Amino acid sequence: MRTILSMFSKSPFKPLVSHINQVNECVNLITPLFEAYQSKNYGKVEEIAKDISDLEHKADQIKSDIRQHLPQSIFLPVDKRDFMRLLSAQDDIADAVEDLAVLMRIKNIDVPEDLSKLLVDLVNYVVGLANDACNMIRELEDLLEASFGGAEAEKVEEMALHLGVGEYEADKKQFLLAQKLFSLNDLSAADLFLLNELIKKLGAVADQSEKIGKTLHMFLSR
Amino acid sequence: MDLSTFLMVFAIAACIYMACNIGANDVANAMGTSVGSGSLTFKQAIYVAAVAEFAGAYFVGGHVSDTIRKGMLDPEIFSDAPLHLVYGMIAALVSAALWLNIASYLGWPVSTTHSIVGAVVGFGVMAGGVDAINWGKVWSVVVSWVVSPVMGGLVAFFLFRFLTNQVFRRRNPLLYAKRILPFMVFLVCVILANAMFYKGLKNLHLDFSYPEALTYAIIFGMVGFLISKPLAKKIPDVPKKEIHKQLEATENIFKYLQITTAFYIAFAHGSNDVANAVGPLAAVVSILNSGTVAMKVAMPTWILVLGGGFIVFGLLVWGRRVMETIGSKITEITPSRGFCATFSGATVVLVCSKMGLPVSTTHTLVGSVIGVGLARGLPTLNLGIIKEIVMSWLATVPFTALLSAILFKLMLLTLG
């Protein structure tokens, strides 16, 4: 027997948070992944790559579950397209992390000494940024409770701004790293290409983190 | 057993069946949001509903009833054969109750008022042809299909917007919730008391004029205000920085308000919907006792007690199961949203029934839930289910009308 309560379907915001939790776990494997790679512990790289691929798969399942349970007949307090945009930004982060692991498994490279410090710097920065984006998604429930306004909205606005600035900073770091990379003369073309791809994927994680901030910002009431 | 004793027993049984269904079908809708948000446990909800439904039915449920609810049918057509009206009323009660039974089974929140209205039209057409029906009155019922959910929706939408701006979008929502609490209590008390004092409480023989009733209601509201103000002050503050805890504490305040409104909606429901069960029985009793058809009949107290009692019985026995299910499920409604929906629903029902508009408690509540949703208050609204609900509303009148026409004809054929 049902009642008027059947008018509420399951909130899609909760699975969105479960999804970001999987994505967050992926993100937290980026640092160990690079550490293993740079210390040439390739067995460990394989291991972490496997974990990342599992997490990404779980995230994918949650994503398709959310998509299936979000038919046209569901009314959301936010624009449904924005909601989907948020979901795909989250998913793109997990995808980018998985790509990083795949790139590392293609060929074992000695990361040049000159590059190492800048690379670690970029990795740490991007991981921090992606973590901030994940935490922002965890604010969604409070944001809904606060009707997309008030102190909670200010908090979210600040976080979005911070992610925007962060992405700009990541771009600068990425540029410096690319400059350094292309100034090295003793790299093979294959190594150069792979390292450049790695840097680009790290940039993608930063880009998607910013996108999460921007999309959540659109939810706020004006 | 002679025919009239038989009919009397049959009519009482039908009234009991109807009252049980009203209790079983509607209590879950009225109290569901309070249980769903965790403001009340399902047991507490049952007790609140039992007391409030009975109080509403007994005190405000009506003293005098039109022989035919809402005057849709001219009782004159039965003056030659008063017994036929008795058959009709029994047929109407049985069909309406059966429809409610089916609807609760299928999970459709249909209106008890519309079920009985459809059933009366059904046997009326069968007895006196199309001309016997006062189509203007029927039209006003049809209009209420639109009016009650829309009114409920509008009130809920603006109430939620108001609370959003006054409380949730503040930098310190808890402080504003504490400030607003006594005023909300005042409002609830005034509307509730006004409904009781004006034209209500007939059973206590208090006949207040409207200004008198309003004065007493305001005094009652002031008492509520004065009691809740120091209580609100006692609620401990939470630092502004801790937004999550602030919001939690704010919802806690709305829990108290929601419990008040849970009583309020059950009361409104009891007062509004008891007539659907007891009205036809009162008509039957009056005809069997006097042998004639009157335009208006007195509502004997024992019938009101019977109606109110079995509404409570229905909710205790069947409504209980539904409530238990709701309580065990995680629902996406918080006390503040539940408060908005319930408060708006109850207010519209009380105000409209005082104005003589045949509104449905259930329809109004469905409308007010949608209103809160459209004001961005709910994480989701299932529009597909809403479509299904509206379809069930449209099916109500044809179904009960047809069934009651058939039952009426059957009784004519077997009983003469």
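Residues numbered from 1 in each chain as written. Chains lettered and ligands numbered in written order. Predicted model: local features only at pLDDT ≥ 70, side-chain atom pairs only at ≥ 80, totals over all residues.

## Quick word on the overall build of chain A
Tallying secondary structure elements over chain A gives 8 helices and 1 strand in all. Listing each helix as α and each strand as β along chain A from the N terminus yields α-α-α-β-α-α-α-α-α. Principal-axis analysis of the C-alpha atoms places the extent of chain A at approximately 70 × 35 × 25 Å. Looking at chain A as a whole, 43% of its 222 residues qualify as buried. Counting only contacts in chain A whose residues sit at least 6 apart along the sequence, the fraction spanning at least 24 positions is 86%. (Helix = DSSP H or I, 4+ residues; strand = E, 2+ residues; numbered from the N terminus. Buried ≥ 20, exposed ≤ 12 C-beta atoms within 10 Å, placed from the backbone. Contact = placed C-beta atoms within 7 Å.)

## Section: the overall build of chain B
A tally of helices and strands in chain B yields 12 helices and 3 strands. Taking 2.2 N^0.38 as the reference for a compact globule, 416 residues should give roughly 22 Å; the C-alpha atoms of chain B span a radius of gyration of 22 Å, in line with that estimate. Considered along the principal axes of its C-alpha atoms, chain B spans approximately 80 × 45 × 35 Å. A sequence separation of at least 24 residues applies to 87% of the contacts in chain B between residues at least 6 apart. (Rg over C-alpha atoms; globule rule 2.2 N^0.38 Å.)

## Considerations on the interface of chain B and chain A
In this assembly, 38 residues from chain B lie in contact with 28 residues from chain A. Those elements that provide at least two residues to the side of chain B that touches chain A are α1 (3-36), α3 (82-106), α5 (135-168), α8 (243-290), α9 (301-328), α11 (361-374), β3 (381-382) and α12 (383-415) of chain B. Looking at the side of chain B that touches chain A residue by residue, the classes come out as 19 nonpolar, 14 polar and 5 charged. Pairing between strand β1 (residues 74-75) of chain A and β3 of chain B: 2 bridges, direction antiparallel. Within β3 of chain B, the residue paired with Phe75 of chain A across the bridge is Leu381 of chain B. (Nonpolar A, V, L, I, M, F, W, Y, C, P; charged D, E, K, R; others polar. Pairing = 2+ DSSP bridges.)

## With respect to the environment of Leu163 of chain A
Residues and elements named next belong to chain A. Checked against the element boundaries, Leu163 lands in helix α7 (residues 150-183). On a C-alpha basis, the gap between Leu163 and Ala153 in space is 15 Å, while along the polypeptide they are 10 residues apart. Contacts of Leu163, omitting those with residues within four sequence positions, involve Leu129, Asp132, Ala133, Ser209, Glu210 and Gly213.

## Some thoughts on α3 of chain B
Residue and element names in this part refer to chain B. Between its first and last C-alpha, α3 extends 37 Å over 25 residues, near the 36 Å set by a 1.5 Å rise per residue. Burial analysis of α3 places 19 of its 25 residues in the buried class, the great majority of the element. Within two residues after α3, Gly107 carries a phi angle of roughly 80°, on the positive side. (Expected span 1.5 Å × (residues − 1).)

## Concerning the packing of α1 of chain B against α11 of chain B
Residues and elements named next belong to chain B. Relative to each other, α1 and α11 sit at 30°, their axes nearing to 10 Å. Classified by the angle their axes make, α1 and α11 are roughly parallel. Remark: the crossing between α1 and α11 carries left-handed chirality. Contacts between α1 and α11 involve Asp26, Asn29 and Ala30 on the former and, on the latter, Thr361, Thr362 and Leu365. (Axes fitted to C-alpha atoms, helices over the stretch in contact; angles between N-to-C directions. Parallel < 35°, antiparallel > 145°, perpendicular 65-115°, else oblique. Left-handed = near helix turned anticlockwise from the far one by under 90°.)

## Digging into the packing of α1 of chain B against helix α2 (residues 42-60) of chain B
Residues and elements named next belong to chain B. In contact at an axis separation of 10 Å, α1 and α2 are set at 125° when each is read in the N-to-C sense. The orientation of α1 relative to α2 falls into the category oblique. In this structure, α1 meets α2 at a crossing whose hand is right-handed. When α1 is examined against α2, the residues Gly23, Val27, Ala30, Met31, Ser34 and Val35 are found in contact with a partner set consisting of Phe42, Ala45, Ala49 and Glu53.

## Examining the confidence of the model for chain B
Across chain B, the average pLDDT comes to 85, with 93% of residues at or above 70. Across the interface, the model reports ipTM at 0.83; the global pTM reads 0.86. (pLDDT = per-residue confidence, 0-100.)

## Things to note about the nonpolar core
Formed by 214 residues in total, the largest nonpolar core has its most connected members in Val97 of chain A together with Cys15 and Ala49 of chain B. With 22 residues, the top contributor of residues to this core is α8 of chain B. Not counting chain neighbours up to four residues away, the residues in contact with Cys15 of chain B comprise Leu93, Ala277, Val278, Pro280, Leu281, Leu306 and Gly307 of chain B. (Core = buried A, V, L, I, M, F, W, Y, C linked by C-beta atoms within 7 Å.)

## Looking at the environment of Lys214 of chain A
Topologically, Lys214 of chain A is positioned in helix α8 (residues 189-219). Residue classification places Lys214 of chain A among the partly exposed positions, given that 17 C-beta atoms sit within 10 Å.

## Describing unusual backbone geometry
For Phe148 of chain A, which is not glycine, the phi torsion reads 60° and is therefore positive. The class for Phe148 of chain A is buried, based on 21 C-beta atoms found within 10 Å. Notably, Arg376 of chain B is not glycine yet its phi reads approximately 65°, a positive angle. Tracing the sequence through the fold places Arg376 of chain B in the loop between α11 and β3. On the basis of neighbour count, Arg376 of chain B is assigned to the buried category, with 20 C-beta atoms found within 10 Å.

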